[in-house]
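Tertiary structure, described
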Amino acid sequence: MPGVSARGLSLEERRQLAVKLTRVLALYRSILDAYIIEFFTDNLWSTLPCSWQEALDRLNPPQLATLLLGMPGEGEVVRYRSVWPLTLLALKSTASALAFTRTPGFQTPSEFLENPSQSSRLTPLFRKHVRPKKQHEIRRLGELVKKLSDLTGCTQVVDVGSGQGHLSRFMSLGLGLLVKSIEGDQRLVERAQRLDQELLLALEKEKKRTPQVVHAGPRHPPHHVVRWVDPTALCEELLLPLEPAPQGGARLLLTGLHACGDLSVALLRHFSCCPDVAALASVGCCYMKLSDPGGYPLSQWVAGLPGCELPYRLREGACHALEEYAKRLHKAGPGLRTHCYRAALETVIRCAQPELRRPGVQGIPRVHELKIEEYVQRGLQRVGLDPQLPLNLAALQAHQAQEHRVVAFFSLALLLAPLVETLILLDRLLYLQEQGFHAELLPLFSPELSPRNLVLVATKTPLGQAFSVLETEDS
């Protein structure tokens, strides 16, 4: 999906984009509000226009990926084999035109061309204990933070929600930045400190093995702090400098790699309220965990728009991995039946216990190898119901025969999901601009590796064309 670039949009253009998004989301809210596990109990297919039903009923999974989601397979030519209703074509075009582009300045991360599990752009010492997705993320975000720190003259980086410290370690011991890591989970901090010591020992051994190599000056591991950051109040620990402030005071850069829910909002508030914070580079996630109200909307402009509300279901849907699901559609494997099986299970649950609605079902392994009745029996046991309940096998098989419709409806919801994420991130941009700050949104990671791949970059002084320096491409 090409989308619209957030770069270069004026304040008025961003405001008008927010207007368009709220109108479109209001128009298609019934699709976004729907839970796919209620496909049969709420007869979701019948809620679509008849012309849409007819067009979508003819599509197999690869065609859904190509024609509906606009993600053709490699070398595939897009051809419509029937005349689609204009309203469905309009939805597809609108979803593509109004969502922020998630396509970075590279097609495939070149760092994984030789080995899909080992980034060639990270030394082995920084790859240890780190999965490929995280290797890609810490390298890309770490290098962006280093450039942003140099551009803004920041003396210290604060990594909020640092987890096991992979990003902090790369920024401090790999890039030479002074880093404070803040994490609320004591166990994760203890793990991070052990990994710090392990890396320091490994770096020392490498230095002794290769004395002829010119090593960088002394680099210090991140300073770890166990602290929950309250999104409604300023955290003094976050703002304390690690070293005596130079003349003119400390200049802090806040960053967070997939700062969950309100934590990304806390970063915005600390940036906007604290004079010592000069720059921000934040990648958010878990929008469904945003406080309501409080976490969204943040800007006065979006808050004043009719239909700006984004309830839990819409924010949860915005976290789905569109590119990953398109790959699954192209493969057309039996794993696509999971939603259909779960929706069929919901009908049995409500017949047995009507007040039990949408219960969480613990993962059932190898769903694609099970018959639908076997899945339902295991699902009943997981929600505390009798797995030997008499089942209407004919009804379950009739549900299974509609698997392609379940997949089509879910694909429709995924088509709209990026619009919700766009509105949330656009609200954050407008929030910062309303206070006179400079903010941009850049696609930083490969969306195939990291679905939440948009980084919000903010400064308190204009960077002008220097923002383009931050959009580095893989060589």
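Residues numbered from 1 in each chain as written. Predicted model: local features only at pLDDT ≥ 70, side-chain atom pairs only at ≥ 80, totals over all residues. Heavy atoms only, no water.

**As for the overall build of the protein chain**
This is how the line gets drawn: Segments assigned H or I by DSSP are reported as helices when at least four residues long, segments assigned E as strands when at least two residues long, and all are numbered from the N terminus. Atoms counted for the radius of gyration: C-alpha only. Globule rule: 2.2 Å times the number of residues to the power 0.38. When accessible area is computed with a 1.4 Å probe and restricted to protein chains, residues below 20% of their type maximum are described as buried, those above 50% as exposed, and intermediate ones as partly exposed. Contacts between residues were defined by any pair of non-hydrogen atoms, one from each residue, lying within 4.5 Å. In this count, Lys and Arg are taken as positive residues and Asp and Glu as negative ones, while His and the chain termini are left out. The atoms used to mark charge sites are NZ of Lys, CZ of Arg, CG of Asp and CD of Glu.
Helix and strand counts for the protein chain come out as 19 helices and seven strands. Over its C-alpha atoms the protein chain spans a radius of gyration of 24 Å, differing by no more than 12% from the 23 Å that the globule rule assigns to 475 residues. When its C-alpha atoms are laid out on the principal axes, the protein chain stretches across 75 × 50 × 45 Å. Evaluated residue by residue, the protein chain yields a buried proportion of 51% over its 475 residues. When contacts within the protein chain are restricted to residue pairs at least 6 apart in sequence, those whose partners lie at least 24 apart make up 75%. A gap of 3 Å separates the mean positions of the 53 positive and 48 negative side-chain charges of the protein chain.

**Observations regarding the packing of aromatic side chains**
Definition in use: Whether two aromatic rings pair depends on their centres lying within 6.5 Å, for rings of Phe, Tyr and Trp, where Trp uses its six-membered ring; planes under 30 degrees apart make the pair stacked, over 60 edge-to-face, and the rest tilted.
Taken as a whole and judged by the stated rule, the model has seven aromatic pairs. Measuring from centroid to centroid gives 5.2 Å for F39 and F40, while their planes differ by 90°, and the two rings are edge-to-face. Just as F39 is buried, F40 falls in that class too. When the centroid spacing of 6.1 Å and the interplanar angle of 75° are considered together, the rings of F39 and F409 count as edge-to-face. Remark: F409 occurs in helix α18 (residues 403–434) and F39 occurs in the loop between α2 (29–33) and α3 (50–57); sequence separation between them is 370 residues.

**Considering the confidence of the model for the protein chain**
Inclusion rule: Confidence scores here are pLDDT values: one per residue, from the predictor, ranging 0 to 100.
Here the protein chain shows a mean pLDDT of 90. Residues at 70 or above account for 93%. Looking across the protein chain, the model is least confident in helix α19 (residues 467–470), with a mean pLDDT of 63, and most confident in helix α12 (residues 300–303), with 97.

**Regarding the sheet that holds strand β5 (residues 277–285)**
In plain terms, the rule: Any two strands between which DSSP finds at least two bridges are classified as paired. Axes here refer to lines fitted to C-alpha atoms; in helices the fit is confined to the stretch in contact. Angles between the N-to-C directions go from 0 to 180 degrees.
Spatially, seven strands are ordered β3-β2-β1-β4-β5-β7-β6 in an open sheet, and the strand pairing comes out mixed. Of all the strands in the sheet, just β3 (223–226) and β6 (438–443) have a single pairing partner and so form its edges. Each adjacent strand pair in this sheet contributes to an overall mean axis angle of 15°, direction not counted. When β6 meets strand β7 (residues 454–459), the two strands line up antiparallel, connected through six bridges. For L441, the partnering residue across the bridge sits in β7 and is L456. In the packing of helix α7 (residues 132–152) onto the sheet, the strands contacted are β1 (156–160), β4 (252–260), β5, β6 and β7, and the crossing angle to β4 comes to about 155°.

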